[in-house]
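# Working through the structure, step by step
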Amino acid sequence: MATTTPQISVVIPCLDEEEAVGRVVDQALDGIRRSGRPGEVIVVDNASTDHSAEVAAAHGARVVYERRRGYGSAYLAGLAEARGDYIVMGDADETYPLQELAPFVDRLEQGDDLVIGSRFEGTIHGDAMPFLNRFVGNPILTGMLNVLFGVKVSDAHCGMRAMRSDALPKLDLHSEGMEFASEMVFKAYRRGLTVSEIPIDYYPRVGESKLNRFGDAWRHVRFMLLYSPSWLYLYPGAALLLLGILGMLALASGPVDVFGRTWQIHTMLGFVALTLIGAQVIQLGVFARTYARVTIGEHDPLLDRLGGRLKLEHGLLAGGILALLALAGLFAVGAEWALDGFGTLGRVYETALLATGLGLGIQIVFASFFLALLSMPLR
C-alpha cells in the first residue's frame, strides 16, 4: 500500500468471499499501479462468517467492518472511509476486472462525475450472467430506469463504476440494499452530474452468489416507483380521471348506444368511480412530489414553477366554486324531485354528475390545506 495520500480509493463490499477476495484486492492494487496514481483498497466486511476480512488485510487492503447487512449499507460504510479524490467500486467475487480501472479514473480526471461499466456493451464471459438476468431482468430494470428518470445507460446495475469524491454530497445516497445502484444512477442524472459508460468484461463469479433474483428485482422496482411519483401516481391518475370525465359527460343527458350496447346508469356510476379514483391518485402524486421537494431536496421543475404562483387560497377558491356549483345543482334537482312527491328520480344521470363535482370540489379544498402543510418550511 502507498504511504502517500491516496488519489484513488477502491471500495469493495464483501460477504463471505474468502476464496476470491484476496485475488480481487491484488487486482485492485495492480489497477492502481497501472494508473500511475497513489491509491488504497478498502474492503468492507459485511458481517462475514468466514475469514474474508483476514484474507483481505493480508493482501494489503484496509478492512472496514459494517454489521448491518446490505449491499448499500456496505458501500455507505466504505465510501465514508474513502480518502481518494476518485472512488472505484467493484465486487469481491472476481466478476469485474479491477486491474483495468485506469480508464475509469481517466474519465473522472477529464471531468466526468460518474463512470459506469457496461457489461452489455463489453463481453460477458461464459455463464457469468444467468439467462433470465441477461435477457429479462437487467434489460427490464435498466429500461425502467431510463424511462422513469430520463436516464440513458445500457447497464444501470453494473457493479463496477467510479465517481469523483466531491460528487458524493450531491448524490446524498441512503439506500441500504441492492437498489443502491439504481439510486446512484438516477440521482446523478437528476442533479445534473456528468455520467458516462465504459465497456467492460464480465466474468463468472467465484463462490456462491448472494443475490436473491426476485427479491432484489422487486427492491429495484419498488425503489424506482417510490422515487417516480409522476409515473406511479400522476400519469395513471390522469388517465383514469380523463376517461371518467369523458364517460360522465357522454352520459350526462341519458343513456347512450355504443357499438350496439346501451350504456345506462350502471356505466355512469363506473365512470363516476374512475373520476374520483383518478382525482385521488393525482392528489397522492402531488403530495409525494411536494414531500420529496421539501424534505429530501428533490428538484421538481413543475412544482418550482407553480410554487410561486399557486397559493392555498387559489385551491380553496377553485374547490369551493366547484363544490358550491355542484351543490346548487343538487338542490335544484332535489327541489324538482320534491315537487314530484319524491317518487322516481328523473334526473339520475345529472345527479351522478353533480355529486361527483361536489366530491371533487371538497377533495380540492382539503388537499389544498394539506399541500400548504407539506410546503411549510421545516425548522
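Summarised in this report is the structure supplied together with it.

The rules behind the values
- Residues numbered from 1 in each chain as written.
- Predicted model: local features only at pLDDT ≥ 70, side-chain atom pairs only at ≥ 80, totals over all residues.
- Heavy atoms only, no water.
- Core = buried A, V, L, I, M, F, W, Y, C linked by side-chain atoms within 4.5 Å.
- Buried < 20%, exposed > 50% of the residue type's maximum accessible area, 1.4 Å probe, protein only.
- Contact = heavy atoms within 4.5 Å.
- Phe/Tyr/Trp six-rings, centres within 6.5 Å; stacked < 30°, edge-to-face > 60°.
- Helix = DSSP H or I, 4+ residues; strand = E, 2+ residues; numbered from the N terminus.
- Expected span 1.5 Å × (residues − 1).

Another aspect to go through is the nonpolar core. Counting residues in hydrophobic clusters, the biggest one holds 69 residues, and the most contacted among them are Val10, Ile12, Val41 and Val43. Ignoring any residue separated from it by four or fewer positions in sequence, one finds Val10 in contact with Ala28, Ile32, Glu40, Val41, Ile42, Val88, Leu98 and Leu101. Ranked by size, the runner-up nonpolar core spans 8 residues in total, among them Met268, Phe271, Val272 and Tyr349.

Next up on the list: the packing of aromatic side chains. Applying the stated rule across the entire model yields 13 aromatic pairs. For the pair Trp263 and Phe271, a centre-to-centre distance of 5.7 Å together with 50 degrees between the ring planes defines the contact as tilted. For the ring pair Phe287 and Phe370, a centre distance of 4.8 Å and an interplane angle of 75 degrees mean the geometry is edge-to-face. With Phe287 in helix α10 (residues 265–295) and Phe370 in helix α13 (residues 348–374), the pair connects residues that are 83 residues apart, well separated along the chain. Residue class for Phe287 comes out buried when judged on its relative accessible area of 15%.

With that out of the way, let us pick up helix α12 (residues 312–339). Over its 28 residues, α12 runs 40 Å from end to end, which matches the ideal 40 Å to within 8%, given 1.5 Å per residue. Those residues of α12 that sit buried are Gly315, Gly319, Gly320, Ala323, Ala326, Gly329 and Val333. Tucked inside the fold, the buried residues of α12 contact α13. Remark: Gly341 follows α12 within two positions and exhibits a positive phi of approximately 80 degrees.

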